[in-house]
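# Examination of the molecular architecture
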Amino acid sequence: MLAEIGYVAAWLALVVAVYSVFAALLGARRRSSSLILSARNATFVIFGALTVALGTLMIALLSQDYQIAYVWSVSNPSMPTFFRITALWGSQAGSLLFWCWLLSVFSAASVALNWRSNYRLIPYVIVFQSTITAFFLLLSLVIENPFNRFWLDGAEVVQSALIPAGLAAPSEFNLAQSARGLNPLLRHVGMAFHPPMLYLGFIGFLVPCAFAFAALVTGDLSNNWIRATRRWALIAWVFLGLGLILGGRWAYDVLGWGGYWGWDPVENAAFLPWLVGTAYLHSIMIQEKRGLFKTWNMFLIIATFSAVIFGTFATRSGLVESVHSFARSDIGFPMLLIWFSVTLTLGGLIVWRRRRGELRDDHTFSGIFSREGLFLLNNFVFLALFVVIFWGSFGAPISSELFFNTKITLGVEYFTRVTPWLFLALFILMGIAPLSAWGASALARLGRGLIVPAVLTVATLPIFILQGHSGMWSIIGYFFVLLAGWVAVYETYRALRARVRQRGENPITGYLSLLRRNPRRYGGYLIHLGIVVIGVGVIGSTAYQQETQATLRVGESTTISGYTMTYDRFEGGQVAEDGRIMDIAVVSVWRNDQHLATLRPRRDFFPNQQDMNSMTIAGAHSTLENDFYVLLLNWDEISQNSATFKIYINPLINLVWWGGLILIVGTLAAMYPNTAPSRVESRVSAPDRRAFGGGRA
Amino acid sequence: MAEIGWTKTAEAPKPHRAISGERLKYLIGGGALLAAVVVLMVSGTLSGMRYFITVDDLLADESLVGQSVRITGAVIGESINYNPETLDLSFTVANVPAENDDLGMALHLAVNNADAQRLEIVMENEVKPDLLVNEAQAILTGTLGADGKFYADSLLLKCPSRFSEMVPEAGESAAEPVIEGEA
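Residues numbered from 1 in each chain as written. Chains lettered and ligands numbered in written order. Predicted model: local features only at pLDDT ≥ 70, side-chain atom pairs only at ≥ 80, totals over all residues. Heavy atoms only, no water.

## Here's the deal with the overall build of chain A
Of regular secondary structure, chain A possesses 22 helices and 13 strands. Out of the 697 residues belonging to chain A, those deemed buried represent 62%. Here the analysis covers contacts within chain A between residues at least 6 apart in sequence; of these, 71% occur between residues at least 24 apart. Accessible area of chain A: about 26,600 Å², with a carbon and sulfur share of 64%. (Helix = DSSP H or I, 4+ residues; strand = E, 2+ residues; numbered from the N terminus. Buried < 20%, exposed > 50% of the residue type's maximum accessible area, 1.4 Å probe, protein only. Contact = heavy atoms within 4.5 Å. Areas by Shrake-Rupley, 256 points an atom, 1.4 Å probe, with all protein chains shown as cover.)

## Observations concerning the sheet that holds strand S12 (residues 626-635) of chain A
Neighbouring strands of a sheet are bound in pairs by backbone hydrogen bonds; such pairs are parallel or else antiparallel. All names here are of chain A. Taken in spatial order, the 4 strands make up an open sheet running S4-S13-S12-S11, and their pairing is antiparallel. In the strand order of this sheet, the two ends are held by strand S4 (546-553) and strand S11 (619-622), each with one partner. Pairwise comparison of adjacent strand axes, ignoring direction, gives a mean angle of 20° for this sheet. As paired elements, S4 and strand S13 (residues 642-651) share 8 bridges and run antiparallel to each other. By the bridge assignment for S13, arginine 553 is matched with serine 642. Across the face of the sheet, helix H20 (residues 653-671) comes into contact with S11, S12 and S13 while running at roughly 120° to S12. (Pairing = 2+ DSSP bridges. Axes fitted to C-alpha atoms, helices over the stretch in contact; angles between N-to-C directions.)

## Topic: the packing of helix H2 (residues 33-62) of chain A against helix H6 (residues 122-142) of chain A
Residues and elements named next belong to chain A. Relative orientation of the contacting elements H2 and H6 amounts to 30°, with a least axis distance of 10 Å. One way to sum up the angle between H2 and H6 is to call them roughly parallel. Of the two possible hands of crossing, H2 and H6 adopt the one that is left-handed. Here Ile36, Ala39, Arg40, Thr43, Ile46 and Leu50 of H2 come into contact with H6, specifically with Pro123, Ile126, Ser130, Thr133 and Leu137. Here the residues of the contact of H2 with H6 sort into 7 nonpolar, 3 polar and 1 charged. (Parallel < 35°, antiparallel > 145°, perpendicular 65-115°, else oblique. Left-handed = near helix turned anticlockwise from the far one by under 90°. Nonpolar A, V, L, I, M, F, W, Y, C, P; charged D, E, K, R; others polar.)

## Topic: the packing of helix H1 (residues 2-30) of chain A against H6 of chain A
All names here are of chain A. Close contact between H1 and H6 brings their axes to 8 Å; oriented N to C, the two are set at 155°. What the angle tells us is that H1 and H6 run roughly antiparallel. For the pair H1 and H6, the sense of crossing is left-handed. Contact residues: Tyr7, Ala10, Trp11, Ala13, Leu14, Ala17, Val18, Ser20, Val21, Ala24, Leu25 and Ala28 in H1; Pro123, Tyr124, Ile126, Val127, Ser130, Thr131, Ala134, Leu137, Leu138 and Leu141 in H6. Across the contact of H1 with H6, the residue classes tally to 19 nonpolar, 3 polar and no charged.

## Things to note about the pattern of salt bridges
All names here are of chain A. Here the structure, examined in full by the defined rule, presents 15 salt bridges over all chains. Salt-bridge contacts for glutamate 571 lead to arginine 600; the nearest nitrogen and oxygen are separated by 2.7 Å. In this pair, glutamate 571 is assigned in strand S6 (residues 563-575) and arginine 600 in the loop between strand S8 (594-599) and strand S9 (602-605), connecting sequence segments 29 residues apart. Salt bridges here are not isolated pairs; linked through shared partners, they connect Arg353, Arg356 and Glu358. (Salt bridge = Lys/Arg side-chain N within 4 Å of Asp/Glu carboxyl O.)

Below is the structure:
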């Protein structure tokens, strides 16, 4: 019964989605408010129907209805409830339905929230969003149906969502016995939250793109579409960033290679929209402040959404060889088709509007050291990163196969050689751009603004050099990354100082009112700070990772960069709640004769899994300085007296995760509704603004 | 320090010649930046480039001996040999045809086909990955030595279950569903 309910609800959503597209189109053409209203209500119905569909799949997972093929393939009787829930996105069919549901959430919410304020754009927003939702629903229902059930056809088992005539259900007991269980690699908190975060990030960009589409179609090419969607873009952006960080954390905890980013095509596919999305978030400020780059911003948001669809296609179709990719699936071709048509349609609309002269900029460009000039450079670097990463992950393999009939892939060396330069350029710009002014700024003024942050940077560099991080390139890297950080901190401090002096506020309320007055600027500084903290962590953990391996008898010790690790005992055959059998080595970690931690690196064995049935879980002692990260590789099965370990020292790695937290706080701050009209503030001449602590907003 | 104008009319149109001079400057600057990125990409591509070929392709072309390439093959479970103390890892892979509709099935057939070309893989200082199991797809980067062994420095594995999630291993129990990969 469950499967029928879910299946029917999902079909209902599809039919209503198609209806809403036509109703909205017709409503806009005929200026019929009742049709547009009906299209709006249809988006709410889609959301409702998909909630029911997703809900039934969730109930099926929780109630262990193994006749449903999806439930059978991702869960088994020994799995704990938490992983039963996360199994909802544990494999293609379920995650596609989850994806559709999220699409409907964003569509319904964006339509509801902009109904009054952007009435003219709404019909076309609905057209775009419902078309995308309908497309993915069609994929889900026709190719990757999560409601398919097993039926016995003589000796064979067949799959069908509806009850086939004359066929009976297989025995429940047998199904439960043979159920697969979630892939052990996915049984991790990072993996439980990483896909939804990433999906939220991906799908979040649907909203700005839909509004851009509506602006292009209606000809309302003012800043309305940007104003309406700035927060949506920020939400999408931060979720995407979080998804990437959580994915890295999962790889670090579960894959057991001591790293968190491997330049794998699927990782890159998620990183690409983030890069263009970041360029977009910077670039729209120029349009809002100076009326420049209108075509460019349209292009950027379309490129972002196009990268989202391409990334989804690349990940879900099995196009590329990757540890992370889904099973090879038939959804590849239709996805390629929608990617192509969406990109082509939107691109065509831009060209059309531009040729009609409707995307003309309000001002002329005024010098490369103006804020807009530096933002343009920033956009250039982000796009350059996009292009080189796309080329390395997809461009080179695909074009070599198309044109030379041989497949060429680019290894990690390509990325480690090409991208550091561009990241360095980004951090340099991150240090300079906040000091520049809209319209024009003098080099001398930029230089003056950099003096204090540069002094602070030089003062903090020894912290890293004394840790032994003294290679020339890493010092250069640390310098520019820290400089960007100190610029953000110092600019905030100056504004705060002015406020405290003039109004006698205490620093905390002063800071909060700074955030309230200019959330974009001071939230932006916090975001910059988060990125700086991540940058420092990446340099330290990439350039100065140390590793060793040792086979120890119980009581013996090994040392690595000042740490001593002693193998205390072995605890074999511990059975966990989800049925896994854990073999644990207990080790203690010492530094300067001081006991730091007792770690339990282990090896988990999953008796119910046929293919990949074991997993190496690291033990780690984390401090801000570094991670002491130890893997249990092997042990003497019989005497259990000796075991082999691999140990990594990962300097500054925790800054990567902490930076992520700062990123969230900064984004939340940047989304805060602005209480001060920015135009009034911008009209004040530069010296006065300084006095008011408003900076060069 | 510039005063910012808010309306179109406030901005005095610049003389045409001045714009084109500016434009030229930006074009040259932009061109230089673009060239720098292209140089980076080309040099990176040359250093990171690997042919991605099958075991058959590799063994058929003698000129590839000693060249860094990327190959794909099906892991033969019983050939896996691992010394956890020295971290020496070796195993054999069987050729998997480049074109196949069902990779899970292709891997299964490759391992069980005595006529498929096989290649011994040697890796040093490599922790045996949990995914290294029978019929897994191995994607290896390394060089074919003159001794006919493939010396790999990186190993990427995909588990058969990732390809055909709906196919339980046959022969476990008679009542178990035997399901085609089509969902």
